[in-house]
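Architecture and fold: a report
This is what each chain is made of:
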Amino acid sequence: MPSPIRLQEYGVGIFLAALTKSALKKVLKKKFITVNEVIATSATLINGGDRICISIPKEVSSNKRLLFPLKVLFEDDHLAVIHKPAGILVSGNSFKTIANALVQNLQQSNLPDATKPQPVHRLDYATTGVLLVGKTSSCIRALNSMFEDKKVKKTYYAVTIGEMKDGGEITSEIDTKKSQSNYKVFKSVFSKRFGKLNLVQLDPKTGRRHQLRKHLSSIDNPILGDVAYGTEHLILSGKGLYLHAYSLNFIHPFTNKPVHIKDEFPQRFKKLFTSKIVENTADLG
C-alpha cells in the first residue's frame, strides 16, 4: 500500500486555480481546500481514495464594485441579516442592487463551501427592512427550503389610509395562486388630508408578488405612498412607501438556535406615530 503523502507535495499541478507550489500554499493558508470535507493544511496527509476539493470565492474587481454601505443586523459564517433601504432593488440586471453590494459589507465565510453572498428572498424596490442572506452554498439551499416550507416567519408594518377593522384576514388569488395575509391595527390617528392613518401589523401567510400592497388596496385601505395600488386622489408622492419588513423569526439551519431579528422603524413612521407608540407596538410583533 502506498505511503501517505503531504497535500502540499501531492497537490502541486493538479488544480488549475493553483498550479504552482506557492499558489497551492496560498490557497491552503486561506482555507480554500478540503480533504474529505475537512479544511486542509500544508501538513495534511493524502491516502488513496481521499476526496480533495478546492473552492475559491469569486472576487469582484475594484473598478466594478458597487460602493453602497449597508447596515448589518446579524452575521455569522453561514448567513447574515441586513437592513434594506428604500430605493434599491434586491437583485436583477441593474448594477445598483443589494446583491452586488453584499460582498463589500459582509465578512468572507471561513467555511469550505463559502460563496458569493446571496439574498434568499425579495423585498420591493420601495420597501425597507430585514433581508436574509446566505453566505455558503449549503446555507442558501437550506434557507430556500425553509421559505418553501414556511419555516421563516416575517412580520411587516404598514401605514394605511381610511377606516379599518381592528384586525382580520385577507385572502385572494394573485397570479392564479391562493394568497393570505393577516392584519392587526395597533394605532390610528386623524389626518386632515387622508381622514385616518393606521399603524398596521401584517403577517403574510404566502409570498406572492406585491401581496401586502394588493391585499390592503383590495379592502380600500391602501398603503400610504403606494403609487401603484393607491387611490388616485390620495397618493402621497415623494415620501416613499410606508411598508417596513420589521422582523424575521426562524431556527438557524446549522446551529439550531432560534434567530429573532428586528429592524428599527424608519423615521417617517415615527413622525406619524410617536417613537414610544411605535416601539411599544413593535414589541408585540
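In this text, all values refer to a predicted model and were calculated from it rather than measured experimentally.

1. A word on the pattern of salt bridges
Under the defined criterion, the tally for this structure stands at 7 salt bridges. Residues joined in a network through salt bridges with shared partners are Asp124, Arg213 and Asp226.

2. With respect to the nonpolar core
Among the nonpolar cores identified, the biggest contains 57 residues, and Leu132, Leu202, Leu243 and Phe250 are the most heavily contacted of them. Those residues within four positions of Leu202 in sequence are excluded, and the remaining contacts are Lys154, Thr155, Tyr156, Ala158, Asn182, Tyr183, Leu212, Leu216 and Leu243. In this structure, Leu7, Val27, Phe32 and Val35 belong to the second largest nonpolar core, which totals 9 residues.

3. Examining the environment of Ala23
Looking at the element boundaries, Ala23 is found in helix H2 (residues 21-29). Put simply, Ala23 and Val12 are 11 residues apart on the chain and 8.7 Å apart in space, counted from C-alpha to C-alpha.

4. Structural notes on the packing of aromatic side chains
Applying the stated criterion across every chain yields a total of 6 aromatic pairs. Ring centres of Phe265 and Phe269 lie 5.6 Å apart, and the angle between their planes is 55°; on these two criteria the pair is classed as tilted. For Phe269, a relative accessible area of 0% corresponds to the buried category. Here the aromatic cluster, defined as three or more aromatic residues joined through ring pairs, consists of Tyr157, Phe186, Tyr242, Tyr246, Phe265 and Phe269.

Cut-off values and rules
Residues numbered from 1 in each chain as written. Predicted model: local features only at pLDDT ≥ 70, side-chain atom pairs only at ≥ 80, totals over all residues. Heavy atoms only, no water. Salt bridge = Lys/Arg side-chain N within 4 Å of Asp/Glu carboxyl O. Core = buried A, V, L, I, M, F, W, Y, C linked by side-chain atoms within 4.5 Å. Buried < 20%, exposed > 50% of the residue type's maximum accessible area, 1.4 Å probe, protein only. Contact = heavy atoms within 4.5 Å. Helix = DSSP H or I, 4+ residues; strand = E, 2+ residues; numbered from the N terminus. Phe/Tyr/Trp six-rings, centres within 6.5 Å; stacked < 30°, edge-to-face > 60°.

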